[in-house]
Amino acid sequence: MSSIGPTEEIDEVKERAHFQAVVNAFKYYKLCSLERIHKSEKIISMLPPSDQRRLDRYRTYLTKFKRCLDVNNDVVHLIIKDVDTMFENVEHSTNGSHGTENFGCNYNNCEITSLKQHKMQHDVEKVQSVLKNIVRDWSAAGEVERDQCYKPILDELEERYPRQEHCSRSAVRVLVPGAGLGRLAWEVAGRGFSCQGNEFSLFMLFASNFILNKCVEANSYTVYPWVHQYVNHLTCEHQTAGVSFPDVPPAAHHQHQQQHFSIAAGDFLKVYTELDEWHCIATCFFIDCAPNVIEFIERIYHILRPGGLWINLGPLLYHYSDMPNEISIEPPYDILLDIIQDVGFEILKEQTSVRTRYAQNPNSMMQHEYNSVFFVCRKAT
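Fair warning: this is a prediction, and the values are worked out from it, not measured in the lab. (Residues numbered from 1 in each chain as written. Predicted model: local features only at pLDDT ≥ 70, side-chain atom pairs only at ≥ 80, totals over all residues. Heavy atoms only, no water.)

Asks: How would you sum up the sheet that holds strand β7 (residues 304–314)? Please name residues and give values.
Replies: Consider a sheet: its strands pair through backbone hydrogen bonds, and that pairing is either parallel or antiparallel. What the 7 strands build is an open sheet, ordered β5-β2-β1-β6-β7-β9-β8; its pairing is mixed. The sheet is open, and its two edges are formed by β5 (261–265) and β8 (345–356), each paired on a single side. This sheet shows a mean twist of 15° between the axes of neighbouring strands, independent of strand direction. Bridge count for strand β2 (residues 194–199) against β5 is 5 bridges, and the pairing is parallel. Paired with glutamate 199 across the strands is alanine 265, a residue of β5. Of the strands in this sheet, β1 (173–177), β6 (278–284), β7, β8 and β9 (370–379) are in contact with helix α8 (residues 151–160), which crosses β7 at around 150°. Where helix α15 (residues 333–343) meets the sheet, it contacts β7, β8 and β9, and its direction lies at approximately 155° from that of β8. (Pairing = 2+ DSSP bridges. Helix = DSSP H or I, 4+ residues; strand = E, 2+ residues; numbered from the N terminus. Axes fitted to C-alpha atoms, helices over the stretch in contact; angles between N-to-C directions. Contact = heavy atoms within 4.5 Å.)

Dropping the structure here:
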């Protein structure tokens, strides 16, 4: 039996601490989100009586915001129910007061130091982002965004691997790194391919586990994804708009997807090291998540089989850019294409100015839209 060295023990301690921190963010979602409503209520209470009177209707809506948070909180707690047993051969206990000791926060009295409060608020914002991603991936309201971002990839797969009478698509292995809440990978499997999604974020993994494995009826849950957005609303009703999910019940879907679909947790560069393993790799809003995008390109090339395809759609946001104490390289698209070809890919197709959005509130007065790039490459045979 091999022994565990001090480095492995430290890594395990860090992993457990991170796991607990993410669970805590879900647990304290409501508490920290309420602080923003209380801030507005306090400011209004300090205004002159005439201003308070003019804001009576808005104060009524602040009460409605709290009810929206209650509904969201029910979903949030369903997401983290049983997550301590989510990963095989790994046990993370989420019981006890460990989380409140770490963050100095409890339901009765939130006395958080400014640094810990900032960290907690940052993590809770990720939970709020998860609610918006639920809309994007698993609601009828997200269909427009999915058509923008996923349909070109799915159409390309259909074209490159047409259905044949005597050849099953299940023999074609497709990898979807940066799978998020899993809709794209699930759709790929639904078209007959063997598909594995890969995701690093525990926030996303917790939510995708809930939706993919526990949602057996369509539109059985509701979230209020825009209740945390306090600006650029035409009406208060837009802020309190509810969205039902899932639009299709993945946990009750047909047998092929259950047999030929999976999600693997972990760092893409650490999980996928076997050469010549995949027939196709589909990346959507993914490659700019790397500190060094060249590492992603090289790894994609190495794990593809000879003649395998890489299908990509997304912007070049470069998530690590300007982050303190982080490395980041940010080549523009023309140089990125040169790098892709230098690694060994043949560019089969490319398109620029593909209009795409990511988890946008359709009623907001401010809209973010990317002019994304779409390309298809082939590894040399």
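On we go from here.
Asks: Kindly report on the pairing of β6, identifying the contributing residues and their values.
Replies: Most of β6 is tucked away: 6 of the 7 residues are buried. Two elements, β1 and β6, share 2 bridges in a ladder whose sense is parallel. Bridge pairing in β6 places leucine 175 opposite isoleucine 281. For β6 and β7, the ladder comprises 6 bridges, and the chain directions are parallel. Residue pairing across strands places threonine 283 opposite asparagine 312, the latter belonging to β7. This β-α-β element, β6 to helix α14 (residues 293–303) to β7, shows right-handed connectivity. (Buried < 20%, exposed > 50% of the residue type's maximum accessible area, 1.4 Å probe, protein only. Right-handed = clockwise from strand over helix to strand, strands pointing away.)

Asks: How would you summarise the packing of α8 against helix α9 (residues 183–190) if you had to cite specific residues and measurements?
Replies: Relative orientation of the contacting elements α8 and α9 amounts to 25°, with a least axis distance of 11 Å. Classified by the angle their axes make, α8 and α9 are roughly parallel. Every pair of crossing elements has a handedness; the one defined by α8 and α9 is right-handed. Of the residues in α9, those in contact with Ile153, Leu154 and Leu157 of α8 are Leu184, Glu187 and Val188. Class assignment of the residues belonging to the contact of α8 with α9 gives a composition of 5 nonpolar, no polar and 1 charged. (Parallel < 35°, antiparallel > 145°, perpendicular 65-115°, else oblique. Left-handed = near helix turned anticlockwise from the far one by under 90°. Nonpolar A, V, L, I, M, F, W, Y, C, P; charged D, E, K, R; others polar.)

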